[in-house]
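Residue strings, one per chain:
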Amino acid sequence: MKDSSKLRYGIINILIVFAISALMLRLIYLQVFKHNFYAIKSKKQVEKILKIPPTRGTVYDRHNRPLALTHLAYSVNANPSEVTNNMRTATILSEVLGIDKDKILKKLAKENQFAWIERKISEDNYLKLKEYDLIGIYFFKDEIRVYPNGILASDIIGFTGIDNQGLSGLEYKYDHILKGQEGKLIFHGDPRRNRLITSPVRVLTQPEDGQSIITTLDTTIQFFTEKYLCEGAEKARAESAQAIVMDPSTGDILAMADYPKFNANDWNNSSIKVRKNSCISDVFEPGSIFKVFTMAAAIEENLVTSRTVFVVPESITLYNKTIKEAHGRGPGESPRKTVSEILEHSLNVGTTMIATRMGKAQLYKHLHALGFGSLTGIELPGESRGLFRETKYWSGLDIATISFGQGIGITPIQMVTATSIIANGGHHIKPRIVQYTISKDGKTLKGVPQSSKGRLFKESTMKQVRQMMISTVDKGTGVSAQIKGFNVGGKTGTAQKAKENGIGYEHGKYIASFVGFFPDPNPKAVILVTVNAPQGVYYGSQVAAPIFRQIAEELVRHWNIDPTRPIVTPTASAQVD
Amino acid sequence: MKKQPVDIVFLLAVIGLISIGIIMIFSTSPTIGLMSYKDGYYFIKRHMIFTILGIIAMAVAIKLPTKFYKKWALHGYILSVILMAMTMIPGLGVSIAGARRWLNLGIQFQPTEILKFWIIVYAGVFFSNKKLSQLKKFKSGFLPAMLILAIPVFFLAQQPDLGNTVLIGGIFILLMYINMIPHKQIITLVGGGIGMATLSILANPYQLKRVKTFLSPWDDPLGISYHIIQSFIAIGSGGIFGQGLGESKLKYAYLPLHYADFIFSIVCEEGGLIFASLTIFLFWLMFKRGMEIAKRQTDMYLQTLAAGLTLTLVLQGVINIGCVIGLLPVTGIPLTFISFGGTAFVVSMFYAGVILNISQNTSYLHTKPEAEAPIAHPLHRGLHG
């Protein structure tokens, strides 16, 4: 072909048409053949899901008084890149919220888009800050868990974390019920999840508010139980102390106190040791209060009655070990003791004789049936099963020591549950802390049935044991637990405190305890008081029994119970176990 | 000499593209305006100002005799080269994202934009001053022409600015081609140019990264390939008919620069294949009319000027579209008449004005019969013979 200007323009034209065709083919590929692929990608990246938190359910006591509830709060955050006057903003925030100004300044100095200033501020503070109309400071609705009674029952109720998740106690155990189901919103948003002006908001699922739980606790009983326990423990300068009030016929926990206490609204400022619920997790050697169960087992096996007489020496040697009484015998005192007297005076040698008459298999059978060595199944987190070995691991001496409460580890909840079985006439019970759950509109959703495995002891056995315990309070070691006008049954205990490593005992450290019931017949309450490492006087009769009496007297007033016997002046001098 | 009216089809193509640009700026920029400047009309207001300035620039270019540029061609060219060289001077040259393309002399600008115009004008003067026999010879044609190109392109490659190097180099070679530089030399030059460009890419990590992204964008869709993948999502999700005006989702901060270099992606998302094709058609129309205006010029200066400016406008568009649809590695070249582009937009309007100015020229009507008479042009006869 002849080279000419026309030819060259033609070639350039072909080149451009070729380039434009390439563009068109590529566009057709992307927009026609790959349209679905990219349309889905576009939709996916623009669709944002927003979770709507449900309102957490309330924890009530047995009379529908709130123990834990959820309040509206506000959370403050900043977009540091938008804040114009860092100094003024930080000053106002720190003044209203009472937080460190330098900390706020540090947050505002960062080059990012988001920083928390403070979570869960009160509505008052929110309204105050709102008035300043600070640029780059944002608020959104949040929830705050409030424990209206603060320190009351905080070991049982527990507490929640910053995102309202249950962390301990009932808040943890019943988290799945309390928290509810979060709802979901779908909307179109930009990469920072800001909703597009053009986008509607569609509700994917509505949030379902959490259910509330009705506990077995009675706020009033809980209050004075804690009051007297704390007063008693402080007076005794004890390391810790626990008290449980149980309805023996149902197993309902009416009060559960654990000293020292902490404030659930401010749980962060307390140690784990304080926050744990010692009533269900701490294992201790019960000492003499355990003797009642040895007696119960022997009577149930028809080996003795409360009136069976033993000639009890002052000491007894078993497998080269001498077992002695804690206190010497008075001058002219007869060695002939009934089973009831052995309990009343808390005689170790006498109890050992009863236990050896019974044999370890039967002792183990009954103690095991009473729940020692097993979880009671109370609906609280962190329960311990204690230390109760099977008989094949027992040394020869163990039958003696276990019979009077040494060489066995139990929890306060096990102790109070076993005593309740005696009080209720021999029926197995499972301790109960939650009665039922209710929906937000008050509908009962699920009851927690009182459960029983049936009768464990004969009614007559239990009656004898109760009578022996009443005698103990009337004229034995438990006189400081007497209440005017009522039959009170109980048993004191003073055990050496086992070392934390489990080998040997801590010198001079005791656990003083008292377990008892009242009134009789038809006991309404079983109360256990344990005081850990009191200083000065340390006997159960001196430290724990008075606390029991204070709680019991208050219960009489609270329930307005009629006296069951003529009012007599209590015996003047208390005996010690 | 009597003038004919300006080429109305070329003007309509320009108006069409500007209209698409205005519609797209209205549709896309309020979000970014609100986000970045707390003013939804930030970009719209500025685009309107630039449009008015562009119309003024166009009117001036239509009225201003083309002789004016011819007179100042050498000065303009030398000034451009000096400014290009100055980007190398620390303190004057401003480096952004690894490329030293800007010059700060009180105001900040890219000297490349000045070079683009004056190299075409100077090429026109150079070629029109040479006889055909001279142009056919290596020493008097190819070599001096190459020198005109090579000096500024040396600095351009140093910045580096591969996009504009290829654009300016490509247009210059096409102008050499129109001016009858022999085929053999042109082919050798194009081959050499491709080789040089390849070496330059391999030597420069910044460019290598872009080319890697171009070759396999799905290797890192959230990292270095984020931009181009978002562009694909915008284009692909538009389909044949588009999401509808104002319905873009990607413009909400997903696709960066959606109002500037990547505006074509939003054209595709909102307007679909239909609007995309219309845009490309208008570029083709502009090319066709622009080259026809060039072709009929008897003066090689005017022919070179018209063709060079037309190719600049069209190839910028083609390269920009090629980049955003993934046919070319991403370069910083805006979409002519459509991107929110400040001075580049005004300059493009000015170029269109110059082309329209040339379209008024009627000299070809008078010289045509003479050109057919061999006696009137002894020189041409001799050479063609």
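What follows covers the overall build of chain B. Across its full length, chain B holds 15 helices and three strands. Considering chain B as a whole, with its 385 residues, one finds that 49% of them fall into the buried category. Restricting the contact set of chain B to residue pairs at least 6 apart, pairs at least 24 apart contribute 71%.

This part takes up the overall build of chain A. What chain A contains, in helices and strands, is 19 helices and 19 strands. A fraction of 75% describes how many contacts in chain A between residues 6 or more apart in sequence connect residues 24 or more apart.

Here we come to the environment of Phe457(A). Residue and element names in this part refer to chain A. Position of Phe457 among the secondary structure elements: in the loop between β16 (444-447) and α18 (459-475). When the C-alpha positions of Phe457 and Leu370 are compared, they lie 9.5 Å apart, and in sequence the two are 87 residues distant. If near-sequence neighbours (up to four positions away) are discounted, Phe457 is found in contact with Ala296, Glu300, Ile421, Gly426 and Met462.

On to the confidence of the model for chain B. All names here are of chain B. Per-residue confidence for chain B gives a mean pLDDT of 87, with 94% of residues at or over 70. The low-confidence segment residues 369-385 (pLDDT under 50) makes six contacts with residues lying over four places distant or belonging to another chain. Reported confidence for the predicted complex is 0.90 by ipTM and 0.68 by pTM.

Here we take up the sheet that holds strand β3 (residues 107-109) of chain B. All names here are of chain B. Taken in spatial order, the three strands make up an open sheet running β1-β2-β3, and their pairing is antiparallel. Either end of the sheet is taken by a strand with one partner, and the two such strands are β1 (93-96) and β3. Strand-to-strand, the axes of this sheet are offset by a mean angle of 35 degrees, without reference to chain direction. Alignment of strand β2 (residues 99-105) against β3, held across three bridges, turns out to be antiparallel.

Residue and element names in this part refer to chain A. Spatially, the three strands line up as an open sheet ordered β1-β6-β7, and their pairing is antiparallel. Lying at the two open borders of the sheet, with one neighbouring strand each, are β1 (47-52) and β7 (202-205). For this sheet, the mean angle separating the axes of adjacent strands, direction not counted, is 30 degrees. Note: β1 against strand β6 (residues 183-188), six bridges, orientation antiparallel. In the strand pairing of β6, Glu47 is matched with His188.

Residue and element names in this part refer to chain B. Relative to the 32 Å expected for 22 residues at 1.5 Å per residue, helix α2 (residues 42-63) spans 32 Å between its end C-alpha atoms, a close match to the ideal helical length. Every buried residue of α2 is accounted for by Phe43, His47, Phe50, Gly54, Ala57, Met58 and Ala61. For α2, the angular spread of buried residues about the axis comes to 100 degrees, placing them on one side. Across α2 from its buried face, at more than 90 degrees, point the exposed residues Ile49, Ile52 and Lys63. The inward-facing, buried residues of α2 contact α1 (8-37) and α13 (343-359).

Okay, the nonpolar core next. With 121 residues, the main nonpolar core has Ile263(B) and Ile355(B) as its most contacted residues. Setting aside residues up to four positions removed in sequence, Ile263(B) forms contacts with Met24(B), Thr28(B), His258(B), Leu335(B), Ile338(B) and Ser339(B). Membership of the second largest hydrophobic core comes to 118 residues, among which are Val304(A), Leu343(A), Ile402(A) and Leu456(A).

So, about the pairing of strand β8 (residues 212-215) of chain A. Residue and element names in this part refer to chain A. By the alternation rule, side chains of β8 split into Ser212 and Ile214 and Ile213 and Thr215, which are all buried. One ladder, built from two bridges, connects strand β2 (residues 59-60) with β8; its direction is parallel. For Val59, the partnering residue across the bridge sits in β8 and is Ile213. Bridge analysis of β8 against strand β15 (residues 434-438) gives four bridges, and the strand direction is antiparallel. Residue pairing for β15: Thr215 is matched across the bridge by Val434.

Below, the discussion takes up the interface of chain A and chain B. The partner chain B presents 32 residues to the 29 residues of chain A that form the contact. Contributions of two or more residues to the side of chain A that touches chain B are made by α1 (5-33) and α2 (35-46) of chain A. With 16 residues, α1(A) is the single largest residue contributor to the side of chain A that touches chain B.

Moving on to helix α6 (residues 138-158) of chain B. All names here are of chain B. Bending of α6 peaks at approximately 30 degrees at the position of Ala150, with proline Pro152 no more than four residues after it. Residues Gly141, Phe142, Ala145, Leu149, Pro152, Val153, Phe155 and Leu156 constitute the buried set of α6. Among the structural elements, α3 (67-86), α4 (111-128), α5 (132-136), α7 (162-178) and α8 (183-203) are those in contact with the buried residues of α6.

When pLDDT is averaged across chain A, the result is 88; 97% of the residues are at 70 or more. The secondary structure element of chain A with the lowest average pLDDT is β16(A), at 77, and the one with the highest is strand β9 (residues 240-246) of chain A, at 95.

So, on to the environment of Ile266(B). All names here are of chain B. For Ile266, the location among the structural elements is in helix α11 (residues 263-295). Residue classification places Ile266 among the buried residues on the basis of 26 C-beta atoms within 10 Å. Sequence separation between Ile266 and Ser27 is 239 residues; the distance between their C-alpha atoms is 9.1 Å. Among all residues touching Ile266, those that are not within four sequence positions of it are Met24, Thr28, Ala234, Ser248, Leu250, Lys251 and His258.

Residue and element names in this part refer to chain A. In this structure, Pro519 follows Phe518 across a cis peptide bond, with omega equal to -15 degrees. As for its placement among the helices and strands, Pro519 is situated in the loop between β18 (505-518) and β19 (525-532). The backbone of Lys120 shows a phi angle near 55 degrees, a positive value even though the residue is not glycine. Mapped onto the fold, Lys120 is located in strand β4 (residues 115-121). One non-glycine residue, Asn320, adopts positive backbone phi at about 65 degrees. Within the fold, Asn320 resides in the loop between β12 (315-318) and β13 (321-324). Take Asn320: there are 7 C-beta atoms within 10 Å of it, and that puts it in the exposed class.

At a closest axis distance of 7 Å, the pairing of α2(A) and helix α10 (residues 226-238) of chain B adopts a crossing angle of 120 degrees. Read as a crossing pair, α2(A) and α10(B) show a hand that is left-handed. Along the contact surface, α2(A) presents His35(A), Phe37(A), Tyr38(A), Ala39(A), Lys41(A) and Ser42(A), while α10(B) presents Phe232(B), Ile233(B), Gly236(B) and Ser237(B).

Conventions adopted
- Residues numbered from 1 in each chain as written.
- Chains lettered and ligands numbered in written order.
- Predicted model: local features only at pLDDT ≥ 70, side-chain atom pairs only at ≥ 80, totals over all residues.
- Helix = DSSP H or I, 4+ residues; strand = E, 2+ residues; numbered from the N terminus.
- Buried ≥ 20, exposed ≤ 12 C-beta atoms within 10 Å, placed from the backbone.
- Contact = placed C-beta atoms within 7 Å.
- pLDDT = per-residue confidence, 0-100.
- Pairing = 2+ DSSP bridges.
- Axes fitted to C-alpha atoms, helices over the stretch in contact; angles between N-to-C directions.
- Expected span 1.5 Å × (residues − 1).
- Arc of directions from axis to C-beta.
- Core = buried A, V, L, I, M, F, W, Y, C linked by C-beta atoms within 7 Å.
- Bend = angle between axes of the 7 residues up to and from the residue.
- Left-handed = near helix turned anticlockwise from the far one by under 90°.

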